[in-house]
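# Inside the fold
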Amino acid sequence: MKEEAKNIRLRIETLVKDKDAKACMVKTLCIYGGMITETLMEYEEPDIVMEQTFHRIADLLQAEPAEGPVDPQLMPIAYTLDHDTELGRALSRSGAKKLPHGLDDMHEIAIAMVISDLPTWEKDGYSRDQMLRLLVESVIASLTFEMATQDFCDLLIEDFINKGHSTPEALLTLGAVAGNYFNIAQTQMKLPPDAEKNLMNVMVRESLRHGTPGSKDWKSLAASNDSEDKNIAAFINEIKPSIEEFFVLIGLDDPLGRAVSVAKAVGRMVAVISVEDVGQIHPSIAKSLAKTGMILGVNHKEQVVTT
């Protein structure tokens, strides 16, 4: 296990190349959060195991996570948080294959790395309680994104496709819901100039993770023939209340976090539709529909429920 832990640390060092010390600390901590998240997915009640894990880490570090939200100077934007925690999840999956007790061993390695690094980062001037809060929030966000992705894919199949909508309509609609949440985020906060591109990259990464073949460059894809679909507002309003209900239930209020959650579901559905047998269509068409739907959702402002 020690040898694999060493290999994982070396791998993380290759992934975290930012020259800024704070950026390196934040990214590394989010990767650790993703590693822990992947190990929690093995359990029937991951939330209970998560709480036990946080208590254990806090006891070992003799500190508690800071109360309230993470320091805004430390908390990554939603799509960056997804990117970095997914790196950690991938490390756990690959590392587990080489260890006798699989993800259980990876769970211990992740905790050991956190315990090792936080005191070092504290000497560099970072608050131990704030770093613990960031770790907690990164795990919660990563679990939330995964739960939402699974739920929304099921919702799209069971409550949209199985009720008579075509596969292209379904993919276009889910992409539009992601874009709609992004549009709401734009009105509530100042986003970076490349935010929309990064949201699309969430879709791309998720589709690739689940085996979608073909081009990784969705920017060059032509808009689908449904780009002027007059029914898009009606489609959004048909499916969005159920999505909204899920977000209210789990307490995810951040509209950009909501956009990322839905975008991941879009990417996974692209893979399901391209690779599996749910109304299978060509990968390039599925990608184009997802991209077009997101753009429609970003730009469409009439008749769309936003509460």
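Coordinates for the structure precede this section.
We now turn to the structure provided with this report. (Residues numbered from 1 in each chain as written. Predicted model: local features only at pLDDT ≥ 70, side-chain atom pairs only at ≥ 80, totals over all residues. Heavy atoms only, no water.)

A count of helices and strands for the protein gives 11 helices and 0 strands. Scaling as 2.2 N^0.38, a compact globule of 307 residues should have a C-alpha radius of gyration of about 19 Å, and the protein matches this with 20 Å. Based on the C-alpha atoms only, the size of the protein along its principal axes is roughly 60 × 40 × 35 Å. Taken over 307 residues, the protein has a buried fraction of 54%. (Helix = DSSP H or I, 4+ residues; strand = E, 2+ residues; numbered from the N terminus. Rg over C-alpha atoms; globule rule 2.2 N^0.38 Å. Buried < 20%, exposed > 50% of the residue type's maximum accessible area, 1.4 Å probe, protein only.)

Our next topic: the pattern of salt bridges. Applying the stated criterion across every chain, the model contains 18 salt bridges. A salt bridge links Arg 56 to Glu 108; the shortest N-O distance between them is 2.5 Å. In this pair, Arg 56 sits in helix 3 (residues 46-61) while Glu 108 sits in helix 5 (residues 102-123), placing the two residues 52 residues apart along the sequence. Overall, Glu 108 belongs to the partly exposed group, its relative accessible area being 30%. Residues participating in the shared-partner salt-bridge network are Glu 38, Asp 82, Glu 86, Arg 89, Arg 93, Glu 146, Arg 205, Glu 206, Arg 209, Lys 264 and Arg 268. (Salt bridge = Lys/Arg side-chain N within 4 Å of Asp/Glu carboxyl O.)

On the secondary structure map, Glu 38 appears in helix 2 (residues 21-40). Given the relative accessible area of 10%, Glu 38 is considered buried.

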